[in-house]
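# Descriptive analysis of the structure
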Amino acid sequence: MIFRQLFDSVSGTYSYLIASRKGAEALIIDPVLEKVDRYIQLLNELDLRLVKAVDTHLHADHVTGLGALRDRTRCVTVMGENTKADVVSMRLADGDRLDIEGISLDVIYTPGHTDDSYSFTMGDRVFTGDTLLIRGTGRTDFQNGDPRAQYESIFNRLLKLPDDTLVYPAHDYKGDTVSTIGEERRCNPRLQVKSVEDYVQLMNNLKLPNPKMMDVAVPANMHIGLAQSAVAEKGWALLPLEAMALVGRPEVALVDLREKRERARHGTIPGSLHEPYTELADNIRPGGLLRALGADRRVVFYCAYGERSAMAVQAAQEAGIASACHIQGGIAAWKDAGGPIEH
Ligand SMILES: [Fe+2]
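This section reports on the structure supplied with the text. Everything numeric here is computed off the predicted structure, so don't read it as measured data.

Applying the stated criterion across every chain yields a total of 26 salt bridges. Its salt-bridge partner being Arg49, residue Glu25 comes within 3.4 Å of it at the nearest N-O pair. Here the residue Glu25 occupies a position in strand 3 (residues 25–29), and Arg49 occupies one in strand 4 (residues 49–54), the gap between them amounting to 24 residues. Note that Asp71 and Arg70 form a salt bridge whose closest N and O atoms lie 3.1 Å from each other. The exposed category is assigned to Asp71, whose relative accessible area is 52%. Overlapping salt bridges, with partners in common, bring together Arg70, Asp71 and Glu307 in one network.

Here you go:
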């Protein structure tokens, strides 16, 4: 496995680059905007293909690299389903899996620092975001933070992991890089409380100043979605109602770009094909499946929120599939418009 812990000294943020091997797909957790050039360089040096960029929660102390990485690599942006970010390509829920080639992370909803905080376990380690820090815990006094929820997330979720589980947080300000669940249970001063009430009192009396970047970072991190209007202006977008009129037409191929789990959970458009976004590059190559399909049918991509499909349209058009278009707003907009769904 390739595992890199990367540090942004300005915000004290750790980002994690993960891949199963050289030449494989990669994902990055909690990337920082100012470091995007460095990530891209490292991806190139290690011969990795970034396919997913994930934020553990909506950050208040730095601007996320999710949008920039998507724009530069056409990767899928990922956050939890409770996020306040306008659009991410994929939203995960507690119990879901976050998959790339050869790697699978389990998703745990761990609210408290914010109400959109998620942790991810991967084998012997857990990425705790700002829920559990090394000898600390994430503040709970803004962004719908809740010390009671955080107590539950830490004591009833994270501390239930095996004691030797490695803890990789989103931040550290002292220079510590990694800890373990057992070590934090014993040595983390915030966790030496007798009850949830004690913890609530402790957290409510920290009196911390707001992060320096907060007024910039929070609004920026809430607006990271790809501008789907650029695709629409080229005439490559269909509104859900326009797309509904095409269901069942033989000259139209509706292509679902989502992953299996998303399809199972949210349903599919009747009669659509399944060609996951991760396989798009192969499918639009000369001789590729969508290339052949696009020769005599109109290819209509869709995904969860219209972001993957907008990127797919751009890639397909670049590859010469002139009929390619997508459903703006994805299956979320389709459902809002009353479109039929198959389970
Ligand atoms: Fe945070």
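With burial as the criterion, only one face of strand 7 (residues 97–100) is covered, namely that bearing Leu98 and Ile100; the residues Arg97 and Asp99 on the opposite face remain uncovered. Sheet analysis places strand 7 next to strand 8 (residues 103–109), joined by four bridges and oriented antiparallel. Within strand 8, the residue paired with Ile100 across the bridge is Ile103. Between the antiparallel neighbours strand 7 and strand 8 lie two residues, among them Gly102 with a positive phi of about 80°.

Here the focus is the sheet that holds strand 6 (residues 90–92). Ordered in space as 1-2-3-4-5-6, the six strands form an open sheet in which the pairing is mixed. The open sheet has two free edges, formed respectively by strand 1 (2–8) and strand 6, since each of these has just one partner strand. When the angles between neighbouring strand axes are averaged without regard to direction, this sheet yields 25°. Here helix 1 (residues 36–45) sits on the sheet and contacts strand 1, strand 2 (13–19), strand 3 and strand 4; the angle it forms with strand 1, its principal contact strand, is near 160°.

As a further point, take the sheet that holds strand 14 (residues 179–180). Sheet architecture is open: six strands sit in the order 7-8-9-10-13-14, paired in mixed fashion. Of all strands in the sheet, those bounded by a partner on one side alone are strand 7 and strand 14. Relative to strand 13 (residues 166–169), strand 10 (residues 125–129) is paired through four bridges, and the arrangement is parallel. Directly across from Phe127, in strand 13, lies its bridge partner Tyr168.

Coordination of the iron ion by the protein involves His57 (NE2), His113 (NE2) and Asp130 (OD), with metal-donor separations of 2.1 to 2.2 Å. Read N to C, the donor residues that coordinate the iron ion are spaced as H-x55-H-x16-D. Taken together, the residues span a long stretch of sequence, with His113 in the loop between strand 8 and strand 9 (118–122) and Asp130 in the loop between strand 10 and strand 11 (132–133) at a distance of 17 residues. Residue His113 is classed as buried on the basis of its relative accessible area, which comes to 5%. Exposure remark for Asp130: the relative accessible area of 8% places this residue in the buried category.

In this section: the side chain of Asn188. As for its position among the elements, Asn188 is in the loop between helix 4 (181–187) and helix 5 (196–204). Only 3.0 Å separates the side chain of Asn188 from the backbone oxygen of Gly136, close enough to count as a polar contact. In this structure, Asn188 is in contact with Leu132, Leu133, Arg135, Gly136 and Glu183, ignoring residues within four places of it in sequence.

Another point: helix 5. Residues of helix 5 that are buried include every one of Tyr199, Val200 and Met203, and no others. Angularly, the buried residues of helix 5 cover 100° about the axis, an arc narrow enough to put them on a single face. On its buried face, helix 5 sits against strand 12 (136–137) and helix 3 (147–156).

What follows covers the packing of aromatic side chains. Per the counting criterion, the structure on display carries 11 aromatic pairs. Arg91 extends its terminal NZ or CZ atom over the ring of Tyr305, reaching a point 5.2 Å from the ring centre. For Arg125, the ring lying beneath its charged end belongs to Phe3, and the centroid distance is 4.5 Å.

The rules we used
- Residues numbered from 1 in each chain as written.
- Predicted model: local features only at pLDDT ≥ 70, side-chain atom pairs only at ≥ 80, totals over all residues.
- Heavy atoms only, no water.
- Salt bridge = Lys/Arg side-chain N within 4 Å of Asp/Glu carboxyl O.
- Helix = DSSP H or I, 4+ residues; strand = E, 2+ residues; numbered from the N terminus.
- Buried < 20%, exposed > 50% of the residue type's maximum accessible area, 1.4 Å probe, protein only.
- Pairing = 2+ DSSP bridges.
- Axes fitted to C-alpha atoms, helices over the stretch in contact; angles between N-to-C directions.
- Contact = heavy atoms within 4.5 Å.
- Donors = N, O, S within 2.8 Å, 3.2 Å for Na, K, Ca; no water.
- Polar contact = N/O pair within 3.5 Å; in protein donor to acceptor, adjacent residues only side chain to side chain.
- Arc of directions from axis to C-beta.
- Phe/Tyr/Trp six-rings, centres within 6.5 Å; stacked < 30°, edge-to-face > 60°.
- Lys NZ or Arg CZ within 6 Å of the ring centre and 35° of its normal.

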